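# Structure assessment
Spelled out, the chains give:
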Amino acid sequence: MLRVRLLVVFVTLAAALPGAAQPAAAPPANDDCQFCHADAGATRANGTSVAVAPEAFGASVHGAFACVDCHQDLATVELPHAERLARVACDTCHDDAVKAFASSVHAAVGAEGPTCASCHGVHDIRPSSDTASRTYALNLPATCAACHGGDHLAGGPGRVADGYIDSVHGRGLAKSGLVVSANCASCHSAHDVRRKTDPASKVHRTQIAATCTTCHQGLLAVFEGSVHGAGMANGNTAAAVCSDCHTSHWIQRSETEAWKLAVIDECGTCHVEKIATYRDTYHGQVTDLGFTRIAACKDCHGSHDILPASNPASRIAPANVADTCRTCHAGVPDNFALYDPHADKNDPERSPALYWTARFMYALLGGVFVVFGAHTLAWFPRSLQARREKRARQGGGR
């Protein structure tokens with residue numbers, strides 16, 4: 001025991017000698033930090049809170065870490081520290097996520113844009129699988145809506161987060177609790193969020209089908225074999241993709257009457273002449289009145305599997321068109337298919353009878369206006385004369 005005491009005294013005296021190497025100061029422990037930050041009223045000089053609830057931090061994904069693991073500039077300073085600390089370098093541990101974020105639209109915003117903490121929190125970060133996490137499937141829309149909802153500028157026209165909540169995906173998530181329902185990250189990704197004009201974006205036109213069929217897997221092969229899918233595969237970026245017909249954030253169930261009526265106009269966005277001739281027909285005029293139990297575009301052409309009439313598998317191929325009509329008009333003969341659902345009164349080659357009938361009706365209508373217009377003009381002087389004579393008779397009788 002005497003030897004141990006002498007050794008301690010010797011070490012203490014040696015450390016006190018001038019020029020002796022001093023042992024490095026131990027970094028502050030979490031308890032040292034919590035001495036100040038556990039106080040719920042702890043604030044900076046400007047009044048912003050710097051409180052760290054011990055329970056929240058302990059339950060966080062970083063609960064087993066030391067404060068100085070993230071706040072590395074505190075490892076070699078004495079407490080109390082400066083009011084402002086260096087920004088935490090998340091890439092020390094999360095290198096891949098930070099690299100992906102660096103190429104995102106959020107990083108491009110600059111200093112005013114969102115940071116890791118904007119979505120994940122600060123001292124209360126939970127794993128995405130935790131129901132209390134800001135990035136848990138049920139909570140993610142609200143996290144994104146902090147910037148992309150309400151009256152925030154980033155929401156853009158129509159405020160996309162609000163539109164999503166009212167969509168079939170949003171209702172599935174919020175009202176039915178379906179965590180498998182598509183959320184913001186499902187379509188835009190989590191860290192590598194890019195503009196839709198960026199070819200690398202998951203919501204770029206060339207990537208839309210692949211993104212949507214991540215969930216709707218049964219439709220990928222069907223769409224790729226369609227006239228729209230083939231057009232996109234051949235480099236025609238104007239070919240219709242999922243969002244052209246279903247929209248992006250405001251997606252509704254295709255069984256609703258409102259969607260059935262609205263999608264006809266979506267088809268007409270590209271097929272302008274076809275929608276005009278369809279609207280002239282009995283089918284089109286009835287849908288204009290708001291009725292959905294009538295043939296619309298998809299009833300004849302299909303939806304995801306649309307094929308050109310030249311394809312033998314198409315619903316409107318010459319050999320199949322009569323059977324297509326029979327889906328509504330059961331038992332009709334083959335010559336029923338001679339009806340032209342896109343008859344054009346302005347095209348004498350496609351619809352000669354309709355063309356000349358329309359011209360006759362235009363001429364007849366014009367002739368009626370000319371004859372009765374001339375009759376009215378010719379009768380006008382006689383009418384004035386009759387009124388004068390009537391006044392004269394009335395005046396003479398007084």
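Residues numbered from 1 in each chain as written. Predicted model: local features only at pLDDT ≥ 70, side-chain atom pairs only at ≥ 80, totals over all residues. Heavy atoms only, no water.

For Asn183, the position within the fold is in the loop between α10 (168-174) and α11 (184-188). Using a relative accessible area of 10% as the deciding quantity, one classes Asn183 as buried. Once the C-alpha coordinates of Asn183 and Leu138 are considered, the two residues, 45 residues apart in sequence, prove to be 8.4 Å apart. Separated by 3.0 Å, the side chain of Asn183 and the backbone nitrogen of Ala185 make a polar contact. (Helix = DSSP H or I, 4+ residues; strand = E, 2+ residues; numbered from the N terminus. Buried < 20%, exposed > 50% of the residue type's maximum accessible area, 1.4 Å probe, protein only. Polar contact = N/O pair within 3.5 Å; in protein donor to acceptor, adjacent residues only side chain to side chain.)

Attention now goes to the confidence of the model for the protein. Taken residue by residue, the protein gives an average pLDDT of 89. The fraction at 70 or more is 91%. Contacts for the low-pLDDT stretch residues 1-16, under 50 throughout, to residues beyond four places or in other chains number three contacts. (pLDDT = per-residue confidence, 0-100. Contact = heavy atoms within 4.5 Å.)

With that settled, consider the side chain of Ser60. Looking at the element boundaries, Ser60 is found in the loop between α3 (54-59) and α4 (67-70). Using a relative accessible area of 9% as the deciding quantity, one classes Ser60 as buried. There is a polar contact of 2.7 Å between the side chain of Ser60 and the backbone oxygen of Phe57. In contact with Ser60, not counting residues within four places along its chain, are His123, Asp124, Ile125 and Arg126.

Another point: the side chain of Ser201. Among the secondary structure elements, Ser201 is positioned in the loop between α11 and α12 (208-212). Of the residues examined, Ser201 reaches a relative accessible area of 3% and is grouped as buried. There is a polar contact of 3.3 Å between the side chain of Ser201 and the backbone oxygen of Arg195.

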